[in-house]
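Spelled out, the chains give:
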Amino acid sequence: MADMSFTVSNYAGTAAVPFVAPAILSADTIANGYCSVLDNVRYKTNLRKVSGGTVEARTCDFATNGSLDISDVQLTLTELQVNEEICNHELAQTWAAEQMRGNYAGVPGDYEQYLAQYVASRVAEDIEKNIWRGNYNHTDGSTSGGGAGTLFGSIMSRYVAEATPSHETLVAGAFTADDNASTGIATHLADLVADLPSALVGEDSTKIYMSRKTFQLYFQFLAADQNNPVLATQMAKFYLGYEIITPAGFPNDTLLASRVDNLYFGTNVLTDHVEARFIDLRNTTGADLTRILMMFDGGTQIVDEASMACVRRSA
C-alpha cells in the first residue's frame, strides 16, 4: 500500500492515483504477473495479433513466400465505483484496537490510512475475482451463479463465449483427487496437455492455471500416489514440465493452459479519468461519518482463443 498523508478531509482528482492504482494493481493476478496488464486505457484499446512469416533459402530475387496476417481484438473497459460509509467512532475504535497489538499491529499510524488500506484490499479482492470469474459459473460455464463475479466479463467467460473453442475438453462433475477416468485431476491434466495447441507444446512460456482448491486436489493425488508428501510438495509445482500457477481468483473445476501474453487486464488507473475521495461529513452535515468514493474502469480480453487449451466442468 502506498504511503499516503491525508492533510485535508477531501482527497480527489489526479491525487487519486496513489490510492486507486495500489487498490487495483495489488490484486494477486496483477501483482504476480499472471496476466498482461494495460494500465493506461481510455475506454477501449485494440490488441493486435500478428501471424505468418516463413524462412526460405536466399536468392537474388525478391519473391514473397507468404504474407503476415494482422488481426485484432478489442478490450473494452467497464466503469466501476466504490461507495462506502463508515462511522468515525467505530473506525477509531477498530483502529485503536489494532494499534494495541504493538509491534505486531502492522497498521498505519493514522486511522484514515488504515481505512484506505482496508478498502484497497477489498477492491483488490473484487478485481481479482472478476478477472477470472466475472460472468463465469465454474459448474456449467454459464454467466451467473457458482461464485461468478458481476463487475465485468472475465478471461474465462470470454473463452467460453467463443462459438467453438479449439482446444476445450468438457467434463461432468466436480474434480476429484485421483486418476478417475471421468473426474480425476490426474486425468484432466493429462487431457489438457494432450490437447495443447502446437504453439504451446514444449514452450517455457506455457503456464497451467488452476484454482487453489484444484491445486490441493492435485497435491493430495501426488501425496497418495508417491506416498511421500514432501516429494509431492515439489512435484506439484509442475506438470510434465509446465509450471502450475494458482491465482487467488481462479475458478474451481477448471484448468487453463496459456501464455501470459495472451491474457489481458486493462484499466485506466494511470489516466486522469480516475477519482478517489475521503469525505468527512463532520465538516458538512455534522454527521460523524466518513464516505469513501472511488471511480475507475476495468476489463479483460484474450488475444487468441486458438492459442489456449482448457478443461472445464460443464455439468
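Rules behind the numbers
Residues numbered from 1 in each chain as written. Predicted model: local features only at pLDDT ≥ 70, side-chain atom pairs only at ≥ 80, totals over all residues. Heavy atoms only, no water. Core = buried A, V, L, I, M, F, W, Y, C linked by side-chain atoms within 4.5 Å. Buried < 20%, exposed > 50% of the residue type's maximum accessible area, 1.4 Å probe, protein only. Helix = DSSP H or I, 4+ residues; strand = E, 2+ residues; numbered from the N terminus. Pairing = 2+ DSSP bridges. Contact = heavy atoms within 4.5 Å. Axes fitted to C-alpha atoms, helices over the stretch in contact; angles between N-to-C directions. pLDDT = per-residue confidence, 0-100. Polar contact = N/O pair within 3.5 Å; in protein donor to acceptor, adjacent residues only side chain to side chain. Salt bridge = Lys/Arg side-chain N within 4 Å of Asp/Glu carboxyl O.

Residue-level account of the nonpolar core, with values.
In terms of nonpolar packing, the biggest core is built from 44 residues, with F19, I24, V123, I127, M294 and F296 touching the most fellow members. When residues of this core are traced back to their parent elements, those giving at least two are α1 (17–25), β4 (78–87), α3 (88–99), α4 (111–133), α5 (155–161), β10 (263–267), β11 (275–280) and β12 (289–302). When residues of this core are assigned to their parent elements, the largest contribution, 10 residues, is made by α4. If you look at the next biggest cluster of nonpolar residues, it comprises 25 residues, including L200, I208, M210 and Y218.

Please give an account of the sheet that holds strand β5 (residues 168–171) that cites residues and values.
Paired through their backbone hydrogen bonds, the strands of a sheet run either parallel or antiparallel. The six strands are arranged β5-β13-β9-β6-β8-β7 in an open sheet whose pairing can be described as mixed. Strands at the two margins of the open sheet, each flanked by one partner only, are β5 and β7 (238–239). Where helix α6 (residues 185–194) meets the sheet, its contacts fall on β5, β6 (206–210), β7, β8 (242–245), β9 (254–259) and β13 (309–313), and the angle it forms with β9 comes to roughly 30°. Along the sheet, helix α7 (residues 212–226) makes contact with β6, β7, β8 and β9, crossing β6 at roughly 100°.

Quick one: what's the story with the confidence of the model for the chain, residue by residue and with numbers?
On average, residues of the chain score 86 in pLDDT, and 87% of them reach the 70 mark or higher. For the stretch residues 1–15, pLDDT sits under 50, and the model shows 35 contacts to residues farther than four places along the chain or on other chains.

Run through the environment of D272, naming residues and quoting values.
Mapped onto the secondary structure, D272 falls in the loop between β10 and β11. With a relative accessible area of 51%, D272 lands in the exposed category. Separated by 230 residues in sequence, D272 and R42 place their C-alpha atoms 9.5 Å apart.

Go over the side chain of S157 with me, naming the residues and quoting the values.
Mapped onto the secondary structure, S157 falls in helix α5. For S157, a relative accessible area of 13% gives the class buried. There is a polar contact of 3.3 Å between the side chain of S157 and the backbone oxygen of G134.

Quick rundown of the pattern of salt bridges? Include the residues and the values.
When charged atoms on two side chains of opposite charge get close, those side chains can pair. Under the defined criterion, the tally for this structure stands at 10 salt bridges. The salt bridge involving D253 is made with R313; its shortest N-O contact spans 3.2 Å. Placement of D253 in the loop between β8 and β9 and of R313 in strand β13 is noted, with a sequence separation of 60 residues between them. Overall, the relative accessible area of 6% leaves D253 in the buried class. By relative accessible area, R313 is classed as buried at 18%. The partner of D261 in a salt bridge is R259, and the shortest N-O contact between them spans 3.3 Å. Where salt bridges share partners, they join D280, R282 and D288 into one cluster.

Would you mind going over the pairing of β10 in detail, with residue names and values included?
Both faces of the sheet carry side chains from a regular strand, because those side chains alternate between them. Burial analysis of β10 places five of its five residues in the buried class, which makes it a mostly covered element. Burial of β10 is two-sided: the residues L263, F265 and T267 facing one way and the residues Y264 and G266 facing the other way are all buried. Across three bridges, strand β1 (residues 36–38) lies against β10 in parallel orientation. Residue pairing across strands places L38 opposite G266, the latter belonging to β10. Relative to β12, β10 runs antiparallel, the two sharing five bridges. The partner of F265 across the bridge, within β12, is T300.

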